[in-house]
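Coordinates in review
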Amino acid sequence: MGVLHSSSLKYMSLGVLVLQTTLLVLTMRYSRTLKEYGPRYLASSAVVSAEVLKIFTCTLLFFKEKDFNLHAVKRLLNEEILSKPMDTMKLIIPAGIYTLQNNLLYVALSNLDAATYQVTYQLKILTTALFSVFMLRKKLSLYQWLSLLLLMAGVTLVQWPTESADVSEHKILSAGSQFVGLIAVLMACVSSGFAGVYFEKILKETEQSLWVRNIQLGLFSFVFGLIGMMIYDGQRVIQSGMFQGYNAITCVVVVLQVVSLCHYMSLHVKLSMKQSTFLFKFAFILLVCLQALGGLLVAVVIKYADNILKGFATSLSIMVSTLISYFLLKDFNPTGVFFLGAVLVIAATFLYSYECKPASSSTTSVV
């Protein structure tokens, strides 16, 4: 019965992972290109709001872990945070980088269609692998190095300029916008790789509750995000408030940003069947209510879905994003070169994930 439950949960999680991954990209793209009256919401404000939600979510789960015992929670927080200031300060670096990365993703999706972004952002596999080799002394097999070469070739083809007889001023401006988006997503890939490996290094060096670590990370990220918001958008915040331009789509985007939490939990939390089932049901209810998504759900997804299924999820998400960008958002015209590049990226994802499967002890988080 337990095996059957685990199997059904695994395949159910595949569908949910595809939905979550695709929905995050498409809603962010739609929210940044939607034509509306009045001011558009501030990306820096959305990043800060997501960090608040992340802290709330981790705190709730931490309380649940301690059976809502307030005394036990206060004692542990005092021991792990106040009594160990140097361990806490180590999280300043990844917090600052993750805050930068989240802002860069808004820039990228403001200038790139969802399909191109989805494929290009898979370069985070390359950056994470390289940082793992240099920082964690991880050894990659020949097939894994081959998959990284395929990945680079695929992304290069996706970004390859296509000639057209109909060259207009709009297309020239669009090319400039795509270059900005490309630089933003490349910087996000580098920051994702470094911060993910650095955070794993911290987790391996210290024994601490993962919920506490994420609360610490969220608090620092909130401070960095707030400072960034006041520096770049302070005047607009003073004039129209932090939540200017917010609507239902914006709230969904903010909720979906909590997805960054999933990568920490997915690779470093060992959950019992009872805990996993609770998190899955809890997250699914939040998904239906559009009140929270991402980290809670995918923590269980990654636990029950092996690397091959995660490869399928990435592939399906790319295909769904491409179809919706073309038929609904109408901001993407696929070419043969794009499809060839996408196939190479998908193949590289499968090849790298398959080789990583037996070496679960040295797997690195990719945010």
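Here the structure is a predicted model, which means the values were calculated and not measured.

**Let's talk about the overall build of the protein**
What the protein contains, in helices and strands, is 16 helices and zero strands. Each of the 367 residues in the protein was classed as buried or not, and the buried ones make up 50%. Excluding contacts between residues fewer than 6 apart, the proportion of contacts in the protein whose partners are at least 24 apart in sequence is 85%. Just so you have it, the protein exposes about 17,900 Å², and 68% of that area is on carbon and sulfur atoms.

**As for the side chain of glutamine 244**
Examined against the element boundaries, glutamine 244 turns out to sit in the loop between α10 (210-240) and α11 (248-256). On the accessibility criterion, glutamine 244 (7% relative accessible area) is buried.

**Overview of the nonpolar core**
In terms of nonpolar packing, the biggest core is built from 46 residues, with Tyr106 and Tyr117 touching the most fellow members. Sort the elements by how many residues they give to this core and helix α16 (residues 336-356) lands first, with six residues. With residues near it in sequence (within four places) discarded, tyrosine 106 still touches Met28, Arg32, Tyr41, Ala43, Ala46, Val47, Val253 and Gln257. Among the nonpolar cores identified, the runner-up in size contains eleven residues, and Ala95, Tyr198, Leu203 and Phe220 belong to it.

**A look at unusual backbone geometry**
One non-glycine residue, aspartate 67, lies in positive phi territory at about 55°. As for its position among the elements, aspartate 67 is in the loop between α2 (43-65) and α3 (70-82). Residue aspartate 67 is classed as exposed on the basis of its relative accessible area of 64%. Of note, phenylalanine 68 is a non-glycine position whose phi angle comes to about 55°, a positive value. Within the fold, phenylalanine 68 resides in the loop between α2 and α3.

**Quick notes on the environment of threonine 33**
The residue threonine 33 is located in helix α1 (residues 2-33) in this model. As for threonine 33 and aspartate 113, which are separated by 80 residues in sequence, their C-alpha atoms are 9.8 Å apart. At a separation of 2.9 Å, a polar atom in the side chain of threonine 33 contacts the main-chain carbonyl oxygen of arginine 29.

**As for the packing of aromatic side chains**
A complete count under the given rule lists eight aromatic pairs for this structure. Ring geometry for tyrosine 326 and phenylalanine 327: centres 4.8 Å apart, planes at 80°, overall edge-to-face. A residue is classified by how much of its surface remains accessible, and tyrosine 326, at 38% relative accessible area, is partly exposed. Seen from their ring centres, phenylalanine 338 and phenylalanine 339 are 5.9 Å apart, and the 75° between their planes marks the pair as edge-to-face.

**Looking at the confidence of the model for the protein**
In this model, the protein carries a mean pLDDT of 75, and residues with pLDDT of at least 70 account for 71%. Every residue in residues 277-305 scores below 50 in pLDDT, and together they form 69 contacts with partners more than four places removed in sequence or on other chains. For the stretch residues 355-367, pLDDT sits under 50, and the model shows 41 contacts to residues farther than four places along the chain or on other chains.

**Observations regarding a nonpolar patch on the surface**
A surface patch of nonpolar side chains, amounting to about 390 Å² of accessible area, comprises Tyr143, Leu146, Leu149 and Met152. Here methionine 152 lies in helix α8 (residues 142-158).

**Here we look at α3**
Spanning 13 residues, α3 covers 17 Å between terminal C-alpha atoms, matching the ideal 18 Å at 1.5 Å per step. Residues Ala72, Val73, Leu76 and Glu80 constitute the buried set of α3. Along α3, the residues classed as buried sweep out an arc of 95° about the axis, all on the same side. For α3, the exposed residues lying more than 90 degrees away from the buried face are Leu70, His71, Lys74 and Leu82.

**Brief notes about the pattern of salt bridges**
Counting across every chain of the model gives two salt bridges. Two residues, glutamate 51 and lysine 54, come together in a salt bridge whose shortest N-O distance is 3.3 Å. Taken as a pair, glutamate 51 and lysine 54 lie in helix α2 at a separation of three residues, close to a single helical turn. Each of the two residues, glutamate 51 as well as lysine 54, counts as buried. The salt bridge partner of aspartate 233 is arginine 236, with a shortest N-O separation of 2.5 Å. Of this pair, aspartate 233 and arginine 236 both sit in helix α10, three residues apart, roughly one helical turn.

**Some thoughts on the environment of valine 133**
Topologically, valine 133 is positioned in helix α7 (residues 124-135). In this structure the C-alpha to C-alpha distance between valine 133 and valine 197, which are 64 residues apart in sequence, comes to 9.7 Å. Aside from chain neighbours lying at most four places away, what touches valine 133 is Lys138, Leu140 and Trp145.

**Quick word on the environment of glycine 241**
Mapped onto the fold, glycine 241 is located in the loop between α10 and α11. Exposure remark for glycine 241: the relative accessible area of 23% places this residue in the partly exposed category. Once the C-alpha coordinates of glycine 241 and serine 45 are considered, the two residues, 196 residues apart in sequence, prove to be 9.7 Å apart.

Quick notes on the rules
Residues numbered from 1 in each chain as written. Predicted model: local features only at pLDDT ≥ 70, side-chain atom pairs only at ≥ 80, totals over all residues. Heavy atoms only, no water. Helix = DSSP H or I, 4+ residues; strand = E, 2+ residues; numbered from the N terminus. Buried < 20%, exposed > 50% of the residue type's maximum accessible area, 1.4 Å probe, protein only. Contact = heavy atoms within 4.5 Å. Areas by Shrake-Rupley, 256 points an atom, 1.4 Å probe, with all protein chains shown as cover. Core = buried A, V, L, I, M, F, W, Y, C linked by side-chain atoms within 4.5 Å. Polar contact = N/O pair within 3.5 Å; in protein donor to acceptor, adjacent residues only side chain to side chain. Phe/Tyr/Trp six-rings, centres within 6.5 Å; stacked < 30°, edge-to-face > 60°. pLDDT = per-residue confidence, 0-100. Patch = residues over 30% accessible without salt bridge, like charges linked within 9 Å, V, L, I, M, F, W, Y side chains within 5 Å. Salt bridge = Lys/Arg side-chain N within 4 Å of Asp/Glu carboxyl O. Expected span 1.5 Å × (residues − 1). Arc of directions from axis to C-beta.

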